[in-house]
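For reference, the chains in residue letters:
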Amino acid sequence: MSLKSFAAKLFAKNIVRKTAKWANDPIQAQQKTFKHLISAAKQTEFGKDHGFDKIKTHADFVEKVPVRDYEELKDYVEKIIEGNSNVLWPERPIYFAKTSGTTSGAKYIPITKESIRHQVEASRNAILTYIHETGKADFVDGKMIFLQGSPVLEEKGGIKLGRLSGISAHYVPNYLQKNRLPSWETNCIEDWETKVEKIVEETKNEDMTVIAGIPSWVQMYFEKLNTISGIKVGELFRNFQLFIYGGVNYEPYRAKFENLIGRKVDSIELFPASEGFFAYQDSQKEEGMLLLLNSGIFYEFIKADEFFNENPKRLTIAEVEPNIDYVMIISTDAGLWAYNLGDTIRFISSKPYRVVVSGRIKHFISAFGEHVIAKEVEEAVKIAIEQTDALVNEFTVAPQTSPENGQLPYHEWFIEFERIPSDLSKFSRLIEESMQKQNSYYLDLLEGNILQPLKITRIKPGGFQGYMRTIGKLGGQNKVQRLSNDRKVAEGLTAFQI
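What counts and how
- Residues numbered from 1 in each chain as written.
- Predicted model: local features only at pLDDT ≥ 70, side-chain atom pairs only at ≥ 80, totals over all residues.
- Heavy atoms only, no water.
- Buried < 20%, exposed > 50% of the residue type's maximum accessible area, 1.4 Å probe, protein only.
- Helix = DSSP H or I, 4+ residues; strand = E, 2+ residues; numbered from the N terminus.
- Pairing = 2+ DSSP bridges.
- Expected span 1.5 Å × (residues − 1).
- Contact = heavy atoms within 4.5 Å.
- Phe/Tyr/Trp six-rings, centres within 6.5 Å; stacked < 30°, edge-to-face > 60°.
- Lys NZ or Arg CZ within 6 Å of the ring centre and 35° of its normal.
- Axes fitted to C-alpha atoms, helices over the stretch in contact; angles between N-to-C directions.
- Core = buried A, V, L, I, M, F, W, Y, C linked by side-chain atoms within 4.5 Å.
- Salt bridge = Lys/Arg side-chain N within 4 Å of Asp/Glu carboxyl O.
- Patch = residues over 30% accessible without salt bridge, like charges linked within 9 Å, V, L, I, M, F, W, Y side chains within 5 Å.
- Areas by Shrake-Rupley, 256 points an atom, 1.4 Å probe, with all protein chains shown as cover.
- Lys, Arg positive; Asp, Glu negative; His and termini not counted.
- Charge placed at Lys NZ, Arg CZ, Asp CG, Glu CD.

Draft legend 1. Just the pairing of strand β17 (residues 410–419), in detail. Within β17, eight of the 10 residues are buried, which leaves the element mostly enclosed by the surrounding structure. Taken together, the nine bridges between strand β16 (residues 391–400) and β17 define a ladder with antiparallel strand orientation. Within β17, the position partnered with L391 by the bridge is R419. Pairing between β17 and strand β18 (residues 455–458): four bridges, direction parallel. Note on β18: the bridge partner recorded for E412 is K455.

Draft legend 2. Spatial organisation of helix α2 (residues 26–40). Compared with the 21 Å implied by 1.5 Å per residue over 15 residues, the 21 Å span of α2 between its first and last C-alpha is a close match. In this structure, the buried side of α2 is in contact with α1 (3–23), α4 (58–64), β12 (297–303), β13 (325–332) and β15 (353–360).

Draft legend 3. Local environment of the packing of aromatic side chains. According to the stated counting rule, one finds 30 aromatic pairs in the structure shown. The interplanar angle of 70 degrees and the centroid separation of 6.1 Å between the aromatic rings of F222 and F240 together place this pair among those described as edge-to-face. Here F222 is found in helix α11 (residues 215–229), whereas its partner F240 is found in the loop between α12 (233–236) and β8 (242–246), with 18 residues between them in sequence. With a relative accessible area of 0%, F222 lands in the buried category. The exposure class of F240 is buried, given its relative accessible area of 2%. Arranged with centres 5.2 Å apart and planes meeting at 65 degrees, the rings of F271 and F278 form a pair that is edge-to-face. Judged by its relative accessible area of 7%, F271 is buried. A connected cluster of aromatic rings, assembled from ring pairs, spans Y221, F222, F240, F243, Y245, Y250 and F257. A cation sits over an aromatic face here: K79 above Y76, 5.6 Å from the ring centre. Here the basic side chain of K455 rests over the ring of Y410, its NZ or CZ set 5.3 Å away from the ring centre.

Draft legend 4. Representation of the sheet that holds β16 within the structure. Strand order across the open sheet formed by three strands is β16-β17-β18, with mixed pairing between neighbours. Single-partner strands in this sheet number two, and they are β16 and β18. Neighbour to neighbour, the strand axes of the sheet diverge by 30 degrees on average, direction disregarded. Packed on one face of the sheet, helix α17 (residues 463–470) meets β16 and β17 and runs near 115 degrees to β17.

Draft legend 5. Inspection of the side chain of N125 at higher detail. Structurally, N125 is set in helix α6 (residues 113–134). When residues no more than four places from it in sequence are discounted, the contact partners of N125 are I15 and Y280.

Draft legend 6. Layout of the nonpolar core. Residues L291, Y299, F301, M328, W337 and F347 are the most contacted members of the largest nonpolar core, which totals 88 residues. If we ignore the near neighbours within four places in the chain, the residues touching L291 are W22, F278, A279, Y299, F301, I317, M328, F347, Y353 and V355. Within the second largest apolar cluster, 40 residues are counted, among which are M220, Y221, L225 and A398.

Draft legend 7. The pattern of salt bridges, seen in detail. Per the stated rule, a full pass over the model turns up 18 salt bridges. Across the pair E201 and K204 runs a salt bridge, and its minimum N-O distance is 3.3 Å. Since its relative accessible area comes to 41%, E201 is described here as partly exposed. A relative accessible area of 25% means that K204 is categorised as partly exposed. Among the ionic pairs, R482 bridges to E394, the shortest N-O distance being 2.5 Å. Remark: E394 occurs in strand β16 and R482 occurs in the loop between α17 and α18 (488–492); sequence separation between them is 88 residues.

Draft legend 8. A look at a positive patch on the surface. A contiguous patch of positive charge, built from K98, R163, K473 and K488, is present on the exposed surface. As for its placement among the helices and strands, K98 is situated in strand β1 (residues 95–99).

Draft legend 9. Just the sheet that holds strand β5 (residues 159–162), in detail. Spatial strand order, β2-β1-β5-β4: four strands in an open sheet with mixed pairing. Each end of this open sheet is capped by a strand with a single partner; those strands are β2 (107–111) and β4 (154–156). Averaged over all pairs of adjacent strands, the angle between their axes in this sheet comes to 40 degrees, without regard to strand direction. When β4 meets β5, the two strands line up antiparallel, connected through three bridges. Across the sheet, E154 pairs through a bridge with L161, a residue of β5. Here helix α5 (residues 70–81) sits on the sheet in contact with β1, β2, β4 and β5, set at roughly 65 degrees to β2.

Draft legend 10. Local environment of the pairing of β1. Taken across its five residues, β1 has four buried, putting it largely inside the fold. In the sheet, β1 pairs with β2 via five bridges, with the strands oriented antiparallel. Across the sheet, the residue bridging to K98 is Y108, located in β2. Pairing between β1 and β5: three bridges, direction parallel. Bridging from a neighbouring strand, F96 pairs with L161 of β5.

In short, geometric facts, not functional conclusions.
In structure tokens form, the structure reads like this:
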């Protein structure tokens, strides 16, 4: 055992002990966070506008601070860009994380010195928790790759601006710098396909032990490694031990990954976003991710099926129940207040509080009242893959509300197969059965002859990458939208259909 791996084990033990303290007293951890945030921001412009000096309880907060999305917070952000201080948080942010917006174009999410510290600590603690549970630490001596956006930062209103993954690249600990790939120059390449080609060249002869990134883009990297080497990734990188991912559910990709790698490897799921780092997988044995209740974020939860009501109830961590989809609302030490992140989560444990990401509140199908969410379609594909010989690269689902020839409407599944199932009708039937089992609204619509069973439209190999290229979202933090309630994505895929 090397000195570095021995030290990692000692550090991991200490971190797990500290984590257990707040995880075993979650309500107190959140109350402490709430009080700190309100107290710290009392004299900010936002705090004065919303009477923070009068807020003592969560009920006071609900009364004075409405739920907002970025569009409704934008005026405050614009004041920061104009050079004002003490707007959302006592000091000016040290970064803006640039993300894709909706009606307003790009969004500029503030990151403060406090919030970036919590981001970095959460990433570190996820790996240390894995080390402590498994006893595996040798991988710290090998090479590690993080497929991420360019670390080159611009400026907006005198504040450094970039993608979150690019900002995070500036915070890799010194003791990992020598192990880290790709090179700085390669990481700065903007064009994703050129970048991946260069990464392959830099890594193909290295002792890669840890690989991290969004699954769809890591898959692209693995495919190119397979092509250039002629062997499986697990054979090329014999000490490859750990895959770290976030952003999307890994399960639809797992079978394809194991085929590309040639064997199973451990994985750690993360739940980071520009707005904060919310959870990480703390166990290889238990499902879900540990919700971080002691990291500068106060959480509220609104039941997803009540979210669009006029005054939906905002719940604290003490009031949530398992197996219910909630929209997650956050208030943070970056100055986001009652902010609608847009993600839906589901609690699967309360001792400790563990969650799974079930989808996006705006990414669903309910063209007929079926309330289909991402978790359901991903589970259906997982089951179909497990029970057939299919391998799936990527997929998305959209409603077909106006079929030809007077047919009943249906859900159209656009699937890019790595390996087409020998019995496509069985694959389709397994998805259909899973959807009916998971979603009673969907079943009722089928039985009521409102919908007909789903139909699969095959997409050419590389089609989803081609589609993402056409909309300027190839690589980096960009993800294929799993569900949509309209035909926008479906129409974009028309050119890539078989």
